[in-house]
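Examination of the molecular architecture
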Amino acid sequence: MAASSASRELFAKGVQAVLQSWPVLQIAVDNGFGGVYGQQKADWMVDVVQQYFLDNADLQQEEVEDFIAQLMDQEFDTVVDDGSLPQVAVSLLQMFSQWQQGALQQLKHTINILTQRSDKRAKVTDQPLESDDDSDETQMDCQSSSPPVRTQPPPPPPPDEDGWTVVRKKK
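Definitions and limits used
- Residues numbered from 1 in each chain as written.
- Predicted model: local features only at pLDDT ≥ 70, side-chain atom pairs only at ≥ 80, totals over all residues.
- Heavy atoms only, no water.
- Salt bridge = Lys/Arg side-chain N within 4 Å of Asp/Glu carboxyl O.
- Helix = DSSP H or I, 4+ residues; strand = E, 2+ residues; numbered from the N terminus.
- Buried < 20%, exposed > 50% of the residue type's maximum accessible area, 1.4 Å probe, protein only.
- Axes fitted to C-alpha atoms, helices over the stretch in contact; angles between N-to-C directions.
- Parallel < 35°, antiparallel > 145°, perpendicular 65-115°, else oblique.
- Left-handed = near helix turned anticlockwise from the far one by under 90°.
- Contact = heavy atoms within 4.5 Å.
- Nonpolar A, V, L, I, M, F, W, Y, C, P; charged D, E, K, R; others polar.

Inspection of every chain in the model, using the stated rule, returns one salt bridge. Between Lys41 and Glu75 there is a salt bridge whose closest N-O contact spans 4.0 Å. Note that Lys41 is positioned in helix α3 (residues 38-55) and Glu75 in helix α4 (residues 61-76), a separation of 34 residues in sequence. The exposure class assigned to Lys41 is partly exposed, which follows from its relative accessible area of 24%.

This part takes up the packing of α3 against α4. A pair of packed helices is characterised by two quantities: the angle between their axes and the separation of those axes. One way to put it is that α3 packs onto α4 with a least axis distance of 11 Å and a crossing angle of 155°. It follows that α3 is roughly antiparallel to α4 by the angle criterion. You can see that α3 and α4 cross each other, and the crossing is right-handed. Contacts between α3 and α4 involve Gly38, Lys41, Ala42, Trp44, Met45, Val48, Val49, Tyr52 and Phe53 from the first element and Glu63, Val64, Phe67, Ile68, Leu71, Met72, Glu75 and Phe76 from the second. Residue classes in the contact of α3 with α4 are distributed as 13 nonpolar, one polar and three charged.

Relative to the helices and strands, Leu93 is located in helix α5 (residues 85-101). With 32 residues separating them in the primary sequence, Leu93 and Gln61 have C-alpha atoms 7.4 Å apart. Leaving out residues up to four positions away in the same chain, Leu93 has contacts with Phe53, Leu59, Gln60, Gln61 and Val64.

What follows concerns the side chain of Gln98. With respect to the secondary-structure elements, Gln98 resides in helix α5. The exposure class of Gln98 is buried, given its relative accessible area of 12%. Discounting residues that sit within four places of it in the chain, Gln98 has contacts with Ala103, Gln106, Leu107 and Thr110.

Laid out in structure tokens, this is it:
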């Protein structure tokens, strides 16, 4: 196992790259699921996951999935059920395997690919809403264009010669 501090730092960067490119964790941090210290929890999670790999030999995919799911539940109150946990676990296991075998160049390449993907992450920005000034004017215009009120009713029709009243259609 490669045990130099430089190679451990490289493995830590790999864990960080995997977790930072994971949309579930980024959504949890961005939306405050972890509280005020969500970003610090995400940074702490990198250290914890790295230590988990260093302390345990022959980890299986399900063990890594369970560990990360438990961290997300405890620290971010988030249950991950989007199917991304297996992908994250496999990525972490591959990086750990590369690190154990001393394939540091391959590990660096994998980290670069992940960081490039996370840099291309979509950014959502708030757009200012259009002002409601036009709608106020429209509302005022509608109120001012009401039909005029008649002040006097039309005169009653004159009676016919026989005393009958002629009824006419309204216009």
